[in-house]
Amino acid sequence: MEPSATPPPLWRRLWIAAPVAVVLFVVGVLIDMLGIINVPGLAVLPETSEGSATVTRLGVGVVLLLVAAWTSVFWRERHPIVVLIAGAVLAAIGVSYLLLLVGAVAYASRRPRPWAVSGAVAAAVLLFAVREATTSWGAALPWLLAREVGTPREPAWIVASFVCAVASMAIAAGVVFGARARHRARLSDVRAEQEHRRVDELTEQMVRQAERERIARDMHDALAHRLSVVSLHAGALEAAAASSGADAGEIARTVREQTHAALQDMRGLIGDLRSGPADASPPTIRGVRTLLAGLRTGGTPITSYVMLEAPERASTQLDSAVHRIVQEALTNAIKHAPRAPIDVHVEVDPRSGARIRVVNPLLPDASPAVPGGGHGTLGIRERAAALDGTAWIGVHDGTFIVDVTLPWQEREQGVDMLGA
């Protein structure tokens, strides 16, 4: 759809248009009052240059008519056809074609294809000049400039009539092209403003969508891990309650700790939603050891190798991503292979980046402790892709492997080093 320029306020339009209309009216009436000399019978010209022209009674009526016709310039913007008709009447009488050109300019400046009207006006102006050149009409120009009477058809005045006609049409065309150029410039500005607004809206939507996806990943990674551990140990507690020899107290303590941790994660994510990510405390690489220790305490058999070199130098994104990927990989292992041994390898080095490898055996007869939605491994891939890393997730030789490599990202200078 073609954008439309917003019209300026009414007071501004009146402030600009009213003085212009008054000037056009006064100048046009004065010129056309002199132009009645063109029409035979409207004025009596003296034989000598010392005399003055007198207006006949018919001429007085034409003067009143031209004054009434020129009042149409006050409506030229809203009703240019009225100005065209009034100008055509004055041109037909033979007074002048000035008002006709004013109406043509007003009409052509606001119409997309004014060629028919413009052509008709140009033809009328040329016919006016031809009439001055071939008839007794057109005495105004020689009388006003040379005080000559009865010589309008001399070659000099014929040429002058056509020069005036062509020059007048050229000036009118220039005004029209200038007005149309300004109108196109306003439309271009409006279109550019609309495009900028649309780009800003799309950018804002993308930022919001990215933030929602980040929060969704964090909620999934944090809460799914905690609740998976809770579910696993709740099942063990149920079994221990039926067996007098099992250590139900230790399992119950693990359930309580994991439930408390899940609540803390939930509070942190809710605070993230309320205050923004800058106010939240993201998980860190150093939290991986605590994560593994919590699972060991709950009875999950884990073999781990964790080597962290200069973790305080890692960027916030890398710091959080390593923790969340390890967390989600462990959650996936606990879901699909409960009580099976898990092998964890985490190595973070500024020279080689971060390498995360979590391996658990496949248990064909085991059912997941917690129903999975399939979003965990997808979240791992998304986090790796966001940091230009790689993620290989799949089955190999009877084991399920999560293998992620992330390039090193240095923490920006001046940013607080979490966990340092």
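In this text the structure is predicted, and so the values were computed from the model without any measurement.

1. Some words on the side chain of Ser 109
Stage number 1. Within the fold, Ser 109 resides in the loop between helix 4 (98–108) and helix 5 (115–134).
Stage number 2. Only 2.6 Å separates the side chain of Ser 109 from the backbone oxygen of Val 105, close enough to count as a polar contact.
Stage number 3. Aside from chain neighbours lying at most four places away, what touches Ser 109 is Val 176, Ala 179 and Arg 180.

2. Notes on the sheet that holds strand 3 (residues 302–308)
Stage number 1. In spatial order, the strands read 3-4-5-7-6; together these 5 strands make up an open sheet with mixed pairing. Strand pairing shows two members of the sheet lacking a second neighbour, strand 3 and strand 6 (390–396), which therefore form its edges. Between one strand axis and the next, the sheet turns by 5° as a mean value, whatever way the strands run.
Stage number 2. The pairing of strand 3 with strand 4 (residues 342–349) spans 7 bridges and is parallel. Of the residues in strand 4, the one forming a bridge with Met 307 is Glu 347.
Stage number 3. Across the sheet, helix 9 (residues 287–297) is in contact with strand 3 and strand 4; its angle to strand 3 comes to roughly 165°.
Stage number 4. Running over the sheet, helix 10 (residues 316–336) touches strand 4, strand 5 (353–361) and strand 7 (399–406) and is turned about 5° from strand 5.

3. A closer look at the environment of Ala 354
Stage number 1. Structurally, the position occupied by Ala 354 is in strand 5.
Stage number 2. Residue classification places Ala 354 among the buried positions, given a relative accessible area of 1%.
Stage number 3. Each C-alpha atom, one on Ala 354 and one on Val 404, is 8.1 Å from the other, the two residues being 50 residues apart in sequence.
Stage number 4. For Ala 354, the contacting residues outside a window of four places in its chain are Leu 318, Val 322, Glu 347, Val 348, Val 404, Thr 405 and Leu 406.

4. Digging into the side chain of His 323
Stage number 1. Assignment of secondary structure puts His 323 in helix 10.
Stage number 2. According to the relative accessible area criterion, His 323 is buried, its value standing at 8%.
Stage number 3. Not counting residues within four places of it along the chain, the set of residues in contact with His 323 comprises Pro 283, Thr 284, Gly 287 and Val 288.

5. Examining the pattern of salt bridges
Stage number 1. For the structure shown, the criterion picks out 9 salt bridges.
Stage number 2. A salt bridge links Arg 351 to Glu 309; the nearest nitrogen and oxygen atoms lie 3.3 Å apart. With Arg 351 in the loop between strand 4 and strand 5 and Glu 309 in the loop between strand 3 and helix 10, the pair connects residues that are 42 residues apart, well separated along the chain.
Stage number 3. Note that Asp 403 and Arg 357 form a salt bridge whose closest N and O atoms lie 3.0 Å from each other. Placement of Asp 403 in strand 7 and of Arg 357 in strand 5 is noted, with a sequence separation of 46 residues between them.
Stage number 4. For Asp 403, a relative accessible area of 14% corresponds to the buried category.
Stage number 5. The class for Arg 357 is partly exposed, based on a relative accessible area of 28%.

6. Comments concerning the pairing of strand 5
Stage number 1. Alignment of strand 4 against strand 5, held across 7 bridges, turns out to be antiparallel. Bridge pairing in strand 5 places Glu 347 opposite Arg 355.
Stage number 2. Between strand 4 and the antiparallel strand that follows it, strand 5, lie 3 residues.

7. Points about the packing of helix 3 (residues 80–93) against helix 4
Between two packed helices, the angle of one axis relative to the other and the distance separating the axes together describe the packing.
Stage number 1. Where helix 3 meets helix 4, the closest approach of the two axes is 7 Å, and the angle between their N-to-C directions is 155°. Between helix 3 and helix 4, the interaxial angle falls into the category roughly antiparallel. Where helix 3 crosses over helix 4, the handedness of that crossing is left-handed. In this structure, helix 3 uses Pro 80, Ile 81, Val 83, Leu 84, Ala 86, Gly 87, Ala 88, Leu 90 and Ala 91 to contact helix 4, whose residues at the interface are Leu 99, Leu 100, Val 102, Gly 103, Ala 104, Ala 106 and Tyr 107.
Stage number 2. Split by residue class, the contact of helix 3 with helix 4 holds 14 nonpolar, 2 polar and no charged.

8. Here we look at unusual backbone geometry
Stage number 1. Here Asp 388, not a glycine, exhibits a phi torsion of approximately 60°, which is positive.
Stage number 2. Of the residues examined, Asp 388 reaches a relative accessible area of 67% and is grouped as exposed.
Stage number 3. Its identity as a non-glycine residue notwithstanding, Asp 397 has a phi of 55°, on the positive side.
Stage number 4. Mapping Asp 397 onto the fold places it in the loop between strand 6 and strand 7.
Stage number 5. Accessibility expressed as a relative area gives 68% for Asp 397, which makes it exposed.

What counts and how
- Every residue gets a number counted from 1 within its own chain, in the order that chain's sequence is written.
- Predicted model: local features are reported for residues with pLDDT of at least 70 only, side-chain atom pairs are reported and counted for 80 or more only, and whole-chain, interface and lining totals are derived from all residues.
- Think of the side-chain values as coming from all heavy atoms in the structure, minus any hydrogens and water.
- Comment: elements are numbered from the N terminus, with helices defined as DSSP H or I runs of at least four residues and strands as E runs of at least two.
- Whenever a nitrogen or oxygen atom comes within 3.5 Å of another N or O atom, the pair is scored as a polar contact, on the condition that within protein one atom can donate a hydrogen and the other can accept it, and that pairs from neighbouring residues in sequence are kept only if both atoms are in side chains.
- Note on contacts: a residue pair is in contact if any heavy atoms of the two residues lie within 4.5 Å.
- Two strands pair under a simple rule: DSSP has to find at least two bridges between them.
- What counts as an axis is a line fitted to C-alpha atoms, over the stretch in contact for a helix, and the angles between N-to-C directions run from 0 to 180 degrees.
- Exposure classes here rest on a 1.4 Å probe applied to the protein chains alone. A residue is buried below 20% of its type maximum, exposed above 50%, and partly exposed in between.
- What counts as a salt bridge is simple: a side-chain nitrogen of Lys or Arg found within 4 Å of a carboxyl oxygen of Asp or Glu.
- For classification purposes, angles smaller than 35 degrees are called roughly parallel, those larger than 145 roughly antiparallel, those between 65 and 115 roughly perpendicular, and all remaining angles oblique.
- Take the far helix as your reference; a near helix turned counterclockwise from it by less than a right angle gives a left-handed crossing, and one turned clockwise gives a right-handed crossing.
- Polar here means any residue other than Ala, Val, Leu, Ile, Met, Phe, Trp, Tyr, Cys and Pro, which are nonpolar, and Asp, Glu, Lys and Arg, which are charged; Gly is therefore polar.

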